[in-house]
Amino acid sequence: MNETATLSSKFQISIPKAIRAAQHWEAGLTFAFIPKGTGVLLVPVPKRETLAGIAKGASPSDYRDRTDRT
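Only a predicted model underlies this, so the values are computations on that prediction, with no experimental measurement involved.

This part covers the pairing of strand β2 (residues 39-44). Sheet topology note: the strand β1 (residues 31-36)/β2 ladder contains six bridges and is antiparallel. Residue pairing across strands places Phe33 opposite Leu42, the latter belonging to β2. Where β1 folds back on β2, the antiparallel hairpin that results is connected by two residues, among which Gly37 adopts a positive phi of roughly 60 degrees.

Shown next as structure tokens:
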């Protein structure tokens, strides 16, 4: 899929229909913009309700952080 969009004078971009359909994106979805080199990664932000229970059974014991690295 090779779709393009143009930045408007109001600094808005319309996401092409083929991309929206392939990703199942609908109006009202919130996105995060993550800088990557000379570009930007566009990532949908999940709703809080969809994250409920995602870490069920996770245990904070035996957790490694950056201080464990050599």
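After that view of the structure, there is still more to cover.
Moving on: the layout of surface pockets. The computed volume of the largest pocket comes to approximately 460 Å³. Around the largest pocket sit 20 residues that line it, and Ile13, Ser14, Ile15, Trp25 and Leu42 are the ones nearest its centre. For the lining of the largest pocket, the elements supplying multiple residues, two or more each, are α1 (17-23), β1 and β2. Considering each element in turn, the lining of the largest pocket owes the most residues, three residues, to β2. Residue composition of the lining of the largest pocket, by class: 14 nonpolar, three polar and three charged.

Turning to the environment of Glu3, a few remarks are in order. Examined against the element boundaries, Glu3 turns out to sit in the segment before α1. Residue contacts for Glu3: discarding those within four places in its chain leaves Pro16, Ala18 and Ile19.

Let us now look at the UniProt feature "domain: SpoVT-AbrB" (unreviewed entry) in the chain. UniProt marks residues 5-50 with the feature "domain: SpoVT-AbrB" (unreviewed entry), using the numbering shown here. Segment residues 5-50 splits into 22% helix and 26% strand. End C-alpha atoms: 30 Å apart.

Another aspect to go through is a nonpolar patch on the surface. Residues Leu7, Phe11 and Ile13 make up a contiguous nonpolar surface patch of about 360 Å² in total accessible area. Looking at the element boundaries, Phe11 is found in the segment before α1.

What counts and what doesn't
Residues numbered from 1 in each chain as written. Predicted model: local features only at pLDDT ≥ 70, side-chain atom pairs only at ≥ 80, totals over all residues. Heavy atoms only, no water. Pairing = 2+ DSSP bridges. Helix = DSSP H or I, 4+ residues; strand = E, 2+ residues; numbered from the N terminus. 1 Å grid on protein atoms, 1.4 Å probe; cavity = no way out; pocket = protein on both sides within 12 Å on 5 of 7 lines; lining within 4 Å. Points joined across faces, edges and corners; volume = space filled by probe spheres on them. Nonpolar A, V, L, I, M, F, W, Y, C, P; charged D, E, K, R; others polar. Contact = heavy atoms within 4.5 Å. UniProt positions renumbered as here; feature names shortened; annotations may be inferred. Patch = residues over 30% accessible without salt bridge, like charges linked within 9 Å, V, L, I, M, F, W, Y side chains within 5 Å. Areas by Shrake-Rupley, 256 points an atom, 1.4 Å probe, with all protein chains shown as cover. Salt bridge = Lys/Arg side-chain N within 4 Å of Asp/Glu carboxyl O.

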